[in-house]
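So you can see what is in the structure, the chains are spelled out below.
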Amino acid sequence: MPKFPSMARDGLANTQQRRNLQHATHTIRSKRATVVDEVPDWEELRVRGAAVKDQVLAHLDDYLVQLEASLTASGATVHWARDADEANRIVRDLVQAKEVDELVKVKSMATQEIELNEALEEVGISAWETDLAELIVQLGHDRPSHILVPAIHRNRSEIRDIFREEMGAVGTPAPDGLTDEPTDLAEAARRHLREKFLRAKVAVSGANFAVADTGTLVVLESEGNGRMCLTLPETLISVVGIEKVVPTWEDLDVFMQLLPRSSTGERMNPYTSMWTGTTEGDGPQEVHVVLLDNGRTSVLADEVGRQALRCIRCSACLNVCPVYERAGGHAYGSVYPGPIGAILTPQLRGTSSPLDQSLPYASSLCGACFDVCPVRIQIPELLVHLRTQVVDEHRGGRPSAEGVAMRTASWMFADHRRYEKAQRASTMSSKLLGERTTLGRLPWPASSWSGARDAPAPPRETFRQWWVRTHGSESR
Amino acid sequence: MTSAREEILARVTSALGTDRQPPADLPQRARVTWDAGRTVDQFVETTADYRAIVERTVVNSLPQHIAAALAGASAASVIRPAGLDPSWLTGFPGTVLTDDHHTAYDLDSIDAVITAAAVGIAATGTVVLDHGPDQGRRAISLVPDVHVCVIRADQVVPDVPEATAALREAINERRPLTWISGPSATSDIELDRVEGVHGPRTLHVIIVDQDG
């Protein structure tokens, strides 16, 4: 995949998406601010949230063993997966053993990360996404663009067209004369998916939290599609990142306060399901949990980078990020867009590809993401940390354009005569620009800088020239 | 060959290094200073904020209120958990089914469900079901389109930490929990909130005071 700046160019040119994102991020951002203000000890909760997660990470092996024991004791079967392929293979084998060719899915970042749907499709198993936004993305043969509202780049008429054209091919078709009213669109999704919920034998989910001392898994959602998947089928398979552990049931309360307010800007999300293994006569009688590494242990090994594993996937950082708001989620080339994606993706995948090397630079370092992060991940600090890593990996090779420019600049600044000469050259050049206030594309090597920024046109007069003109040379 | 389990645990252990500190004490539990005296009133406000229907009544008038709630939602049939007090439905003229291994398809043809609750949370407008005998298994409060949920005023706690504390016993018994805050809702289409995608489109919460 190309670097972030080239991917972002498509997003910047898409005015419809920019308008949708601007509306969405600003709406959620202000809702979040309102409900956060209601909580008198919000900062204390953030500190505690970060401390609980740090505690888990510092003793992750012990907590994972404890979680496994609690899950097993409550009737669940635990599997371990080193990477995406292994996780997909485990899920595929479990589904094939049930002799079904379809399953229903709760929206889950972990299963998107491992591209489970694609892996299942290869062996002829259809995985139906049941979250409305994920359904829109799936039917539209599209990719998610936001962690919380993955189809936010689509507007209602596009959604209506997708439903009309695609629903019939995979199940209950959209009703005749479907309008683009959200109520009607939601009704069409309800009818389309209800058929699938009622007949499903197998469901796949992720988990927001996994409680080590009790073996309880937790899923927060809004629509009830999660409850349908987690309750109606006979078999439930949950793919859970190893960083999702919380130590005790009591520790969960802090996240049940932090997550909904940070995520959807609600005091509480409409539905939360919590289940502990199997319950006789209620819900799936066969419960599997796949504990997923897929790069998480290498993030853990970096003492600075480790804090990214605190992330509870609330997406608050996306909604305040000036870069995300304009570039859109697809530019990040990963299921994790926005500021958290800019640090999590290159850590999980490593920085060998040009895209992953460019992600730590996909930021203005304004710090808004840290301010809203419910678990106080120092995203700006981590971006700089990762930039250092990327630069270090390139040391010794051909000097970069930036390196050359910096060395030239340091030579120029070192002597005031050189500096004044450079200033004169720059003010002279401004006379050629007429009334323009910004420069367009600059020639190489400055092109890599100007590609994503408007450089202001140089002033017609420098401060020193102004001083000489107004005070004369004697006042020097 | 090393198993995935051994390998992942070994990777974690090596990532954490050798000079590890024993688990430190976590900061004290954050205590929210919600106004406890207003708990039930606040619960009414926060629950109504989610476009749920909320009302308060006393125990003697409960059957009338339930009948009115079901009539208001045009429900002709209702399913009840086996452990629910049968007298609650004495005012309802329609079909009353007691849950007995109904399939998901059966439940889909029933208009409404009535359950009790385990805990209510004032700060957030949430009812929590621990699926005890008077609340029934999870499917019955999910598939029908109308959910009438009866909660005693003394089950309402001020905030989330009090709720998790109250639910510890249910968790120890490995009972599933369902936290419900308003009816099913989505904001996935241009961020317009629409009630009722897959869960019940109507949530009617009745708070019962014991005296009277």
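In this report, the structure presented in the accompanying data block is examined. (Residues numbered from 1 in each chain as written. Chains lettered and ligands numbered in written order. Predicted model: local features only at pLDDT ≥ 70, side-chain atom pairs only at ≥ 80, totals over all residues. Heavy atoms only, no water.)

1. Some words on the overall build of chain B
Link 1 in the chain: Counting secondary structure elements, chain B contains six helices and 12 strands.
Link 2 in the chain: Taken over C-alpha atoms, the radius of gyration comes to 21 Å for chain B, far larger than the 17 Å a tight globule of 212 residues would show.
Link 3 in the chain: Principal-axis analysis of the C-alpha atoms gives chain B an extent of 70 × 45 × 40 Å.
Link 4 in the chain: Here chain B holds 212 residues, and the buried ones make up 55% of them.
Link 5 in the chain: Of the contacts made within chain B by residues no fewer than 6 positions apart, 71% connect residues no fewer than 24 positions apart.
Link 6 in the chain: In the form shown here, chain B has an accessible surface area of approximately 8,700 Å², with 49% of it arising from carbon and sulfur atoms.
Link 7 in the chain: Averaging the coordinates of the 17 positive side-chain charges in chain B and doing the same for the 29 negative ones gives two points 6 Å apart. (Helix = DSSP H or I, 4+ residues; strand = E, 2+ residues; numbered from the N terminus. Rg over C-alpha atoms; globule rule 2.2 N^0.38 Å. Buried < 20%, exposed > 50% of the residue type's maximum accessible area, 1.4 Å probe, protein only. Contact = heavy atoms within 4.5 Å. Areas by Shrake-Rupley, 256 points an atom, 1.4 Å probe, with all protein chains shown as cover. Lys, Arg positive; Asp, Glu negative; His and termini not counted. Charge placed at Lys NZ, Arg CZ, Asp CG, Glu CD.)

2. Digging into a nonpolar patch on the surface
Link 1 in the chain: Residues A:Phe463, A:Trp466, A:Trp467 and A:Val468 make up a contiguous nonpolar surface patch of about 380 Å² in total accessible area.
Link 2 in the chain: Mapped onto the elements, A:Trp467 comes out in helix H23 (residues 463-471). (Patch = residues over 30% accessible without salt bridge, like charges linked within 9 Å, V, L, I, M, F, W, Y side chains within 5 Å. Salt bridge = Lys/Arg side-chain N within 4 Å of Asp/Glu carboxyl O.)

3. Notes on a negative patch on the surface
All names here are of chain A.
Link 1 in the chain: Side chains of Glu 115, Glu 118, Glu 121 and Glu 122 sit close together on the surface and give a patch of like negative charge.
Link 2 in the chain: Along the polypeptide, Glu 122 turns up in helix H7 (residues 116-122).
Link 3 in the chain: Taking relative accessible area as the criterion, Glu 122 reaches 68% and is therefore assigned exposed.

4. As for the interface of chain B and chain A
Link 1 in the chain: The interface of chain B with chain A comprises 76 residues on the first partner and 93 residues on the second.
Link 2 in the chain: Overall, the association of chain B and chain A removes approximately 7,300 Å² of surface from exposure, summing both partners, and the carbon and sulfur fraction of that is 58%.
Link 3 in the chain: A per-residue breakdown of the area chain B buries against chain A is headed by B:Arg138, B:Asp188 and B:His198, which together make up 11% of the total.
Link 4 in the chain: For the interface between chain B and chain A, the tally reads 14 salt bridges.
Link 5 in the chain: A:Asp61 is the partner of B:Arg20 in a salt bridge, and the nearest nitrogen-oxygen pair spans 3.0 Å.
Link 6 in the chain: The interface formed by chain B and chain A holds 38 residue pairs in polar contact (both at pLDDT 80 or more) in total.
Link 7 in the chain: Among the elements that take part in the side of chain B that touches chain A, helix H1 (residues 4-16) of chain B stands out by supplying 10 residues, more than any other.
Link 8 in the chain: Partitioning the side of chain B that touches chain A into residue classes produces 37 nonpolar, 21 polar and 18 charged.
Link 9 in the chain: Two elements, strand S9 (residues 271-276) of chain A and strand S9 (residues 177-180) of chain B, share four bridges in a ladder whose sense is antiparallel. In the strand pairing of S9(B), A:Met274 is matched with B:Leu177. (Buried area = accessible area lost by both parts, 1.4 Å probe. Polar contact = N/O pair within 3.5 Å; in protein donor to acceptor, adjacent residues only side chain to side chain. Nonpolar A, V, L, I, M, F, W, Y, C, P; charged D, E, K, R; others polar. Pairing = 2+ DSSP bridges.)

5. A short note on the packing of aromatic side chains
Residues and elements named next belong to chain A.
Link 1 in the chain: Inspection of every chain in the model, using the stated rule, returns seven aromatic pairs over all chains.
Link 2 in the chain: Grouping aromatic residues by their ring pairs yields a cluster made of Phe 4, Tyr 324 and Tyr 332.
Link 3 in the chain: Over the face of the ring belonging to Phe 255 we find Lys 53, whose NZ or CZ atom lies 5.9 Å from the ring centre.
Link 4 in the chain: Directly above the ring of Trp 128 sits Lys 196, whose terminal nitrogen or CZ lies 4.2 Å from the centroid. (Phe/Tyr/Trp six-rings, centres within 6.5 Å; stacked < 30°, edge-to-face > 60°. Lys NZ or Arg CZ within 6 Å of the ring centre and 35° of its normal.)

6. Describing the sheet that holds strand S5 (residues 119-121) of chain B
Link 1 in the chain: Overall, mixed pairing links the eight strands, which are arranged S8(A)-S5(A)-S6(A)-S9(A)-S9(B)-S6(B)-S5(B)-S8(B) in an open sheet. Either end of the sheet is taken by a strand with one partner, and the two such strands are strand S8 (245-246) of chain A together with strand S8 (156-157) of chain B.

7. Considerations on the pattern of salt bridges
A pair can form between side chains of opposite charge whenever their charged atoms are brought close.
Link 1 in the chain: Overall, the coordinates contain 50 salt bridges over all chains when judged by the stated rule.
Link 2 in the chain: Between A:Glu286 and A:Lys98 there is a salt bridge; the shortest N-O distance is 2.6 Å. Of the two residues, A:Glu286 is situated in strand S10 (residues 286-292) and A:Lys98 in the loop between helix H5 (84-97) and strand S2 (102-105); the sequence distance between them amounts to 188 residues.
Link 3 in the chain: By relative accessible area, A:Glu286 is classed as partly exposed at 28%.
Link 4 in the chain: Close ionic contact of B:Glu7 with B:Arg11 constitutes a salt bridge, the shortest N to O distance being 3.0 Å. You can see B:Glu7 and its partner B:Arg11 sitting in helix H1, four residues apart, about one turn around the helix.
Link 5 in the chain: Note on B:Glu7: relative accessible area 26%, which makes it partly exposed.
Link 6 in the chain: A relative accessible area of 28% means that B:Arg11 is categorised as partly exposed.

8. Some details on unusual backbone geometry
Residue and element names in this part refer to chain A.
Link 1 in the chain: Notably, Glu 99 is not glycine yet its phi reads approximately 55°, a positive angle.
Link 2 in the chain: Following the sequence through the fold, Glu 99 ends up in the loop between H5 and S2.
Link 3 in the chain: The class of Glu 99 is exposed, set by a relative accessible area of 74%.
Link 4 in the chain: The backbone of Arg 376 sits at a positive phi, close to 50°, despite the residue not being glycine.
Link 5 in the chain: Note on Arg 376: relative accessible area 26%, which makes it partly exposed.

9. Notes on the sheet that holds S10(A)
All names here are of chain A.
Link 1 in the chain: Reading across the sheet, the six strands line up as S1-S10-S7-S4-S2-S3 and stay open at both edges, with parallel pairing between neighbours. At either end of the open sheet lies a strand with only one pairing partner, and these are strand S1 (76-81) and strand S3 (126-129). Each strand of the sheet is rotated relative to its neighbour by a mean of 25°, with strand direction disregarded.
Link 2 in the chain: Sheet topology places strand S7 (residues 235-241) next to S10; seven bridges connect them, and they run parallel. By the bridge assignment for S10, Val 239 is matched with Val 290.
Link 3 in the chain: Against the sheet, H5 contacts S1, S2, strand S4 (202-205), S7 and S10, and its axis sits at roughly 145° relative to S1. (Axes fitted to C-alpha atoms, helices over the stretch in contact; angles between N-to-C directions.)

10. Regarding the packing of helix H8 (residues 132-139) of chain A against helix H9 (residues 156-170) of chain A
All names here are of chain A.
Link 1 in the chain: It is the contact of H8 with H9, at a shortest axis distance of 9 Å, that shows an interaxial angle of 75°. What the angle tells us is that H8 and H9 run roughly perpendicular. On the side of H8, the interface is formed by Leu 132, Leu 135, Ile 136 and Leu 139, while H9 contributes Ile 159, Ile 162, Phe 163, Glu 166, Met 167 and Val 170.
Link 2 in the chain: In terms of residue class, the contact of H8 with H9 is built from nine nonpolar, no polar and one charged. (Parallel < 35°, antiparallel > 145°, perpendicular 65-115°, else oblique.)

11. Looking at the nonpolar core
Link 1 in the chain: Counting 144 residues, the largest nonpolar core has A:Phe4, A:Phe163 and B:Trp179 as its most contacted members.
Link 2 in the chain: Residue contacts for A:Phe163: discarding those within four places in its chain leaves A:Leu132, A:Leu135, A:Ile136, A:Leu139, A:Ala174, A:Leu178, A:Leu185, A:Ala188 and A:Ala189.
Link 3 in the chain: Core analysis: the next-biggest nonpolar cluster, separate from the first, contains 21 residues, A:Val95, A:Val100, A:Ile125 and A:Leu292 among them. (Core = buried A, V, L, I, M, F, W, Y, C linked by side-chain atoms within 4.5 Å.)

12. A short note on the state of the cysteines
Residues and elements named next belong to chain A.
Link 1 in the chain: Under the defined criterion, the tally for this structure stands at zero disulfides over all chains.
Link 2 in the chain: With no disulfide of its own, Cys 317 lies 6.4 Å from the sulfur of Cys 314, the closest cysteine sulfur.
Link 3 in the chain: The closest cysteine sulfur to the non-disulfide-bonded Cys 366 is located on Cys 369, 6.2 Å from its own sulfur. (Disulfide = S-S within 2.5 Å.)

These figures capture arrangement, not role.
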